[in-house]
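Results of the structural survey
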Amino acid sequence: MHLWLPGCAAESRDDSGDQTEISGGEESDETADNDSGGTETTADPAGDGDGDGDGDTGWQPPLDDVLRLNHVQLKGTHNSYHVEPPIVFSDQHRYTHQPLDVQLEDQGVRAFEIDVHQGSGGLEVYHIDFIDEVSTCDTFALCMQTIRGWSDTNRKHLPIVVWIEVKDDVGGVPIDDLSVLDDELRAVFDEERLYTPDDLQGSYESPRARLDAEGWPTLGEVRGKVIAVLLDSDRAGEYTDGFTTSAGKAMFANAPGDHYLDGWAAMTKINSPTAADAIAAAHAANLMIASNTCGADESDETCVGELAAGFANGSHFLKDDFPAPVPEREYFADFADGNPARCNEVTAPAECTSEALEDLDG
C-alpha cells in the first residue's frame, strides 16, 4: 500500500514523459410546510445559496461563448499525489502535495499529473517503488473519485486536465494494454463529464480537422468537464493505433514533435518552459502544451525564472511542485493575476480577463 501518512512532508519530480448538471428532486422532496405559517419553502440541497443543488455560487461565466480552451493558462502540479517519503534519497522528492480536492479547492490547481502502476489489486498511484511511494490517493480509481467528488459540487469550474503517466518501469508489472486506463476513467466519469478526442472531433474527420477549421472549443463547451491525457509520448503510437486515430479513446495522447500535424494530435508536453522555440512550434500547430516549472531540487531563483518563462512562452498547463506557499521556501507558483487560471499571454484575445475564466467564490 502507498497511503498518505500524516506527518510526512515533501514530493518528487520525474520528467520521463517528454516532451449534470445535478437537478433537484421532485417537488414533494424539495418543499415542505413551514410549521409557523404553512408557507412552502424551497430547499437548497448544496447549501450554496442559489437553490439549484449544484454546489455553485451565483457567478455566471461572462465570456464562455468567446474564450476558448487554448486561451487559458492553468495552474498545475507535478506528481500531484506525492508525499515526501520518510527517508529521502533525492532532493527531487522533498515536497508534499495536499490531497487532490484540497489542491482544487484551496490552491486553484486545475491540472494534475498522476503516475500509475499495475499492482495485484489494480492500478496503483505512486512515484517509485520502495524509495518514493507515499501517495495521498493510493489507487487510480480513488484519485479520480476525489476529483469527481469536488467537481460534483463545483460545476462551473474550468476543465480539470489530468496527465496520466504509465511508470511500470519503476514498480508493478508491465501495463501491456492501455485500454485499462480508459476503462477506469469511464468508470468514474460518464460521457457528459469526460471530454474526449471524439468530442473535440465532433462532425469533422479528425480532431486536427476540427482545430484547423474552428479552433479549440469554447470554455462553455468544456466547463465542468475532465480532460485526460496519456503523458507517455513513447506510447502514443501504441495508443493511437500506429499514429492513425484517437477514435473511441478516453484520453488524448502526448504528441511527439514529428507528429504535431497528425489527425489525432492535440496535446503535447515540452518539459522546460524556457524552450521558447519548441513551445512556439507547438503553438504553430495549435496544440495545447504542458511544461514543468519549479522542481523541489531547484533554487527559488531558478523557479521564479521558469514560471515567468512559462507565462511568457504560453504553456497552457504549468505543473509545479509548489502550488502554494510552504514554510521552507519563498517561491510558490503564484498566479497573482488569476487563480486558478490566467489569460494566456500568447494566445488569448484582448477581451480575456481572469475574472471571466473562473470565479467560484464570486
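That block above? That's the structure.
Computed from a predicted model, the values in this text were never measured in an experiment.

1. Things to note about the packing of helix α3 (residues 140-152) against helix α4 (residues 179-188)
- Running from N to C, α3 and α4 point in directions that differ by 35°, and their axes come no closer than 9 Å. Here the hand of the crossing between α3 and α4 comes out right-handed. Facing F140, A141, M144, Q145 and R148 of α3, the residues of α4 in contact are L181, E184, L185 and V188.
- Grouping the amino acids of the contact of α3 with α4 by side-chain chemistry returns six nonpolar, one polar and two charged.

2. What to know about the nonpolar core
- Counting residues in each nonpolar core, the largest one holds 45 residues, and the members touching the most others are M144 and L185.
- Take this core: its biggest share by element is five residues, from α3.
- When residues no more than four places from it in sequence are discounted, the contact partners of M144 are I114, V162, L185, V188 and F189.
- With 28 residues, the next largest nonpolar core counts L67, V222, V229 and M267 among its residues.

3. Digging into a negative patch on the surface
- On the surface, D190, E191, E192, D198 and D199 cluster together to form a negatively charged patch.
- You can see E192 is positioned in the loop between α4 and α5 (197-201).

4. Comments concerning the state of the cysteines
- Taken as a whole and judged by the stated rule, the model has three disulfides.
- Between the sulfur of C294 and that of C303 lies a disulfide, 2.0 Å long from S to S. Here the disulfide of C294 and C303 is right-handed, its torsion about the S-S bond being about 55°.
- Bridging C343 to C352, the disulfide has an S-S length of 2.1 Å. On the sign convention where negative is left-handed, the bridge of C343 and C352, at about -90° about the S-S bond, is left-handed. In terms of burial, C343 and C352 fall into one category: buried.
- In the chain, the bonded cysteines, taken in the order they occur along the sequence, pair up as 1-2, 3-4, 5-6.

5. Topic: helix α9 (residues 276-284)
- Every buried residue of α9 is listed here: I279, A282 and H283. Angular distribution of buried residues about the axis of α9 spans 105°; they occupy a single face of the element. Opposite the packed face of α9, turned more than 90 degrees from it, sit the exposed residues D277 and A284.
- If you follow the buried residues of α9, they end up packed against β9 (267-269), β10 (288-292) and α10 (300-313).

6. Structural notes on the environment of T245
- Mapped onto the fold, T245 is located in the loop between α8 (236-239) and β8 (251-253).
- The partly exposed category is assigned to T245, whose relative accessible area is 28%.
- Taking the C-alpha atoms as reference points, T245 and P207, separated by 38 residues in sequence, lie 9.2 Å from one another.
- The residues contacting T245, other than those within four sequence positions of it, are Y239, T240 and W264.
- Looking at T245, its side chain comes within polar contact range of the main-chain nitrogen of A247, at 3.0 Å.

7. With respect to the packing of aromatic side chains
- Applying the stated criterion to the full structure yields four aromatic pairs.
- Ring geometry for F311 against F335: centres 5.2 Å apart, planes inclined by 80°, an arrangement best described as edge-to-face. You can see F311 sitting in helix α10 and its partner F335 sitting in the loop between β11 (317-320) and β12 (341-343), a full 24 residues away along the chain. We note that F311, like F335, is buried.
- Residue placement shows K249 over the ring face of Y239; its charged tip is 5.0 Å from the ring centre.
- The ring of F311 has R342 sitting right over it, with the charged end atom 3.8 Å from the ring centre.

8. Concerning the side chain of D232
- Along the polypeptide, D232 turns up in the loop between β7 (226-230) and α8.
- This buried residue, D232, is left without a salt bridge; R235 holds the nearest opposite charge, at 6.1 Å.
- Ignoring anything within four residues of it in the chain, the contact list for D232 reads I164, E165 and V166.

9. With respect to the pairing of strand β6 (residues 160-166)
- Of all the seven residues making up β6, seven are buried; the element is thus mostly covered by neighbouring parts of the structure.
- The side-chain alternation of β6 yields two buried faces, one formed by I160, V162, I164 and V166 and the other by V161, W163 and E165.
- Where strand β4 (residues 111-119) and β6 come together, six bridges link them in parallel fashion. Note on β6: the bridge partner recorded for I114 is I164.
- Of the strand pairs in this sheet, β6 and β7 are connected by five bridges, and their pairing is parallel. Bridge pairing links I160 to V226 in β7.

10. Structural notes on unusual backbone geometry
- In this structure, the amide linkage connecting N339 to the following residue, P340, adopts the cis form with an omega of 20°.
- With respect to the secondary-structure elements, P340 resides in the loop between β11 and β12.
- In this model, D241 sits at a positive phi of 55°, which is unusual for a non-glycine residue.

The rules behind the values
Residues numbered from 1 in each chain as written. Predicted model: local features only at pLDDT ≥ 70, side-chain atom pairs only at ≥ 80, totals over all residues. Heavy atoms only, no water. Axes fitted to C-alpha atoms, helices over the stretch in contact; angles between N-to-C directions. Helix = DSSP H or I, 4+ residues; strand = E, 2+ residues; numbered from the N terminus. Left-handed = near helix turned anticlockwise from the far one by under 90°. Contact = heavy atoms within 4.5 Å. Nonpolar A, V, L, I, M, F, W, Y, C, P; charged D, E, K, R; others polar. Core = buried A, V, L, I, M, F, W, Y, C linked by side-chain atoms within 4.5 Å. Buried < 20%, exposed > 50% of the residue type's maximum accessible area, 1.4 Å probe, protein only. Patch = residues over 30% accessible without salt bridge, like charges linked within 9 Å, V, L, I, M, F, W, Y side chains within 5 Å. Areas by Shrake-Rupley, 256 points an atom, 1.4 Å probe, with all protein chains shown as cover. Salt bridge = Lys/Arg side-chain N within 4 Å of Asp/Glu carboxyl O. Lys, Arg positive; Asp, Glu negative; His and termini not counted. Charge placed at Lys NZ, Arg CZ, Asp CG, Glu CD. Disulfide = S-S within 2.5 Å. Arc of directions from axis to C-beta. Polar contact = N/O pair within 3.5 Å; in protein donor to acceptor, adjacent residues only side chain to side chain. Phe/Tyr/Trp six-rings, centres within 6.5 Å; stacked < 30°, edge-to-face > 60°. Lys NZ or Arg CZ within 6 Å of the ring centre and 35° of its normal. Pairing = 2+ DSSP bridges.

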